[in-house]
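Observations on the model geometry
The lines below spell out each chain.
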Amino acid sequence: MKRKIEVFTAGCAVCTPIVELVQSMSCGSCEIKIYDLSRQEDSEFFTEKLKQYNVMSVPTVVVNGKKLILTDGGITREQLSQAGLGQLN
């Protein structure tokens, strides 16, 4: 079973390290989808996704439908690991 990771970003200096961290930790069981809100190619789709996960700020990471809680330091490697990134099923 694939682990679905969705990353909401604005393509900014704060978001880029989180996107890179998620990508570096991913494994064969990870399916990553990056939603770059600065591009807004499909704003209706983005709006629905933002509502679905109650995304209020970026970067936001959702793993298998569960939004990770942002800490003072942002999304951490430990949080991603606990959510299953990098672990084969």
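Look a little higher up for the structure.
Below is a summary of the structure that appears in this document. (Residues numbered from 1 in each chain as written. Predicted model: local features only at pLDDT ≥ 70, side-chain atom pairs only at ≥ 80, totals over all residues. Heavy atoms only, no water.)

Here we look at helix 1 (residues 15-25)
Heads up, the condition is: Using a 1.4 Å probe on the protein chains alone, a residue whose accessible area is under 20% of its type maximum counts as buried, one over 50% counts as exposed, and one in between counts as partly exposed. Only DSSP runs of H or I with at least four residues qualify as helices, and only runs of E with at least two residues qualify as strands; both kinds are numbered from the N terminus onward. For this quantity, the arc is that covered by the directions from the helix axis to the C-beta atoms. Residue contacts follow a heavy-atom distance rule, with two residues in contact if any of their heavy atoms lie within 4.5 Å.
For helix 1, the complete set of buried residues consists of C15, I18, V19, L21, V22 and M25. When helix 1 is viewed along its axis, its buried side chains cluster within an angular range of 160° and face the same direction. In this structure, the buried residues of helix 1 make contact with strand 1 (3-9), strand 2 (30-36), strand 3 (60-63) and helix 3 (77-82).

Some points on the pattern of salt bridges
What counts is decided by this rule: In what follows, salt bridge is the name for a side-chain nitrogen of Lys or Arg lying within 4 Å of a carboxyl oxygen of Asp or Glu.
Taken as a whole and assessed by the stated rule, the structure comprises two salt bridges. Taking the shortest distance from any N to any O, the salt bridge between E6 and K49 comes out at 2.8 Å. Of this pair, E6 sits in strand 1 while K49 sits in helix 2 (residues 43-53), and the two are 43 residues apart along the sequence. Across this residue pair, the class does not change: E6 and K49 are buried. Where D36 meets R39, a salt bridge forms, and the shortest distance between an N and an O atom there is 3.4 Å. Judged by its relative accessible area of 58%, R39 falls in the exposed class.

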